[in-house]
Amino acid sequence: MSSQEDYKIEINGKEFEVGLDKDYEFNINNELYKIKIKQKDTLLYTDDAFSFKFLKDHKVAKTSIDQGIEQLMLMTAEGSGFIIQKYSTINPTMLNEIMLSEVTKESINYGYTMERQEYERTLVSGEKIKVIKAILTYKDEINIYEIATSGKKDSGILILTMLMEDLENSVGKSLINLTWNTLDIK
């Protein structure tokens with residue numbers, strides 16, 4: 001069985017298809033080269049406004065929501081994840097309550113109860129941001145949302161985390177914790 005490899009490598013002007021974590025031998029000009037391509041367990045996303053690390057098993061999806069609003073999303077299969085919206089025309093610090101209402105209203109209408117908490121988080125950049133945490137409960141299901149913003153004049157970011165299961169070692173919790181713990185707002 002054979003499948004297409006995901007990457008290409010160019011050696012001395014010759015191109016070869018390769019995949020991660022596989023051993024390859026290339027004979028180039030009668031010289032044998034052994035290579036293996038590996039990916040780090042955590043990857044770094046960086047742009048002009050912020051940076052963060054994320055688990056290699058996830059991809060950062062990037063889209064333009066509206067003029068001046070760009071959204072990055074990292075999600076697990078069960079719906080847990082991290083969303084960052086970058087604003088280049090407004091300061092988003094007044095959007096916390098609106099975003100909280102938007103992400104919880106459907107669950108609350110369904111019958112979930114909400115416990116709200118607020119706390120302060122210090123980012124690796126040293127910046128302190130206020131976080132609204134909403135814990136929604138229905139029978140034995142727990143969904144946890146966190147919302148925070150950082151803004152300057154006519155720009156900033158909004159951060160939203162969604163944890164769809166409150167298990168100690170869940171993939172979603174690992175993804176969210178790594179992103180929070182490495183988020184650096186510039």
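Residues numbered from 1 in each chain as written. Predicted model: local features only at pLDDT ≥ 70, side-chain atom pairs only at ≥ 80, totals over all residues. Heavy atoms only, no water.

Draft legend 1. Layout of the pattern of salt bridges. This structure, assessed with the given rule, holds 11 salt bridges. Put simply, Lys 34 and Glu 25 hold a salt bridge, and the shortest N to O gap is 3.9 Å. Exposure class is identical for Lys 34 and Glu 25. Each is exposed. (Salt bridge = Lys/Arg side-chain N within 4 Å of Asp/Glu carboxyl O. Buried < 20%, exposed > 50% of the residue type's maximum accessible area, 1.4 Å probe, protein only.)

Draft legend 2. Representation of the environment of Lys 86 in the model. Turning to its location among the elements, Lys 86 is positioned in strand β9 (residues 81-87). Along the primary structure Lys 86 and Gly 68 are separated by 18 residues, whereas in three dimensions their C-alpha atoms are 7.9 Å apart. Among residues more than four places away in sequence, those in contact with Lys 86 are Asp 47, Asp 48, Ala 49, Phe 50, Gly 68, Ile 69, Glu 70, Gly 156 and Ile 157. Here Asp 47 takes part through its side chain, which lies 3.0 Å from a polar atom of the side chain of Lys 86. (Helix = DSSP H or I, 4+ residues; strand = E, 2+ residues; numbered from the N terminus. Contact = heavy atoms within 4.5 Å. Polar contact = N/O pair within 3.5 Å; in protein donor to acceptor, adjacent residues only side chain to side chain.)

Draft legend 3. Expanded view of helix α2 (residues 171-182). For α2, which comprises 12 residues, the first-to-last C-alpha distance of 17 Å matches the rise-based estimate of 16 Å (1.5 Å per residue) to within 8%. If you check which residues of α2 are buried, you get Gly 172, Lys 173, Leu 175, Ile 176, Leu 178, Thr 179 and Trp 180. (Expected span 1.5 Å × (residues − 1).)

Draft legend 4. Broad picture of unusual backbone geometry. Backbone geometry places Lys 139, a non-glycine residue, at a positive phi of 55°. Along the chain, the position of Lys 139 falls in the loop between β11 (128-138) and β12 (141-152). The phi angle at Asp 154 is positive, at roughly 60°, despite the residue not being glycine. Of note, Asp 154 is situated in the loop between β12 and β13 (155-163).

Draft legend 5. Spatial organisation of the side chain of Thr 179. Residue position: Thr 179 is located in helix α2. In terms of polar contacts, Thr 179 uses its side chain to reach the backbone carbonyl oxygen of Leu 175, at 2.9 Å. Contact partners of Thr 179, with chain neighbours within four places excluded, come to Phe 52, Lys 53 and Phe 82.

Draft legend 6. The sheet that holds strand β5 (residues 42-46), seen in detail. Pairing is antiparallel across the open sheet formed by three strands, whose spatial order is β5-β6-β14. Strands with a single pairing partner mark the edges of an open sheet, and in this sheet they are β5 and β14 (184-185). Contacting β5, β6 (50-55) and β14, α2 runs over the sheet at an angle of about 150° to β6. (Pairing = 2+ DSSP bridges. Axes fitted to C-alpha atoms, helices over the stretch in contact; angles between N-to-C directions.)

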